[in-house]
Amino acid sequence: MNFLSEADVGQHIVALCRSLSEGRETPIILDMSLTHCLAFDSMKLMQFFAGVEALYPGVALEDWFIEHSTDGRDTLGNAVSYLMQYLAPQAARG
């Protein structure tokens, strides 16, 4: 597995959200909340989780989301930070 930087993962997550938000005219940035800013409903959230798992097999965001969604901390940047906790050790193992 190649080393993935936080910037790489951030770009992948933003691109995934862009693909799920067809027709959105405003830019998608890492400070945005999945529920408050992007207004992802349960179907979009499931698509988002599936997309993350397709990009990064073995890493799931559902528990992270449950913990962070009630107070608006479900930002793309927080998701990237959470993902990096799992991806960095995998990259180190090679």
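What counts, and where the lines are drawn
Residues numbered from 1 in each chain as written. Predicted model: local features only at pLDDT ≥ 70, side-chain atom pairs only at ≥ 80, totals over all residues. Heavy atoms only, no water. Core = buried A, V, L, I, M, F, W, Y, C linked by side-chain atoms within 4.5 Å. Buried < 20%, exposed > 50% of the residue type's maximum accessible area, 1.4 Å probe, protein only. Helix = DSSP H or I, 4+ residues; strand = E, 2+ residues; numbered from the N terminus. Contact = heavy atoms within 4.5 Å. Salt bridge = Lys/Arg side-chain N within 4 Å of Asp/Glu carboxyl O.

1. Digging into the nonpolar core
By size, the foremost hydrophobic cluster in this structure holds 28 residues, and its most contacted members are Val9, Leu34, Phe48, Leu61 and Leu83. Among the elements of the structure, helix H1 (6-20), helix H2 (42-55), helix H3 (62-68) and helix H4 (76-93) are those that each provide at least two residues to this core. With 7 residues, the single largest contributor to this core is H4. The residues contacting Leu34, other than those within four sequence positions of it, are Cys17, Ala39, Phe40, Leu45, Phe48, Trp64, Phe65, Asp74 and Leu76.

2. With respect to unusual backbone geometry
If a residue is not glycine, its phi is most likely negative; likewise, a peptide bond is most likely trans. Phi is positive for Ala39, close to 55°, though the residue is something other than glycine. Judged by relative accessible area, Ala39 falls into the exposed class, the value being 57%.

3. Structural notes on the pattern of salt bridges
Pairs can form between side chains of opposite charge once their charged atoms are near each other. In total, this model carries 1 salt bridge according to the counting rule given. Note that Arg73 and Asp71 form a salt bridge whose closest N and O atoms lie 2.8 Å from each other. Judged by its relative accessible area of 46%, Asp71 is partly exposed.

Read these as spatial facts, not as claims about activity.
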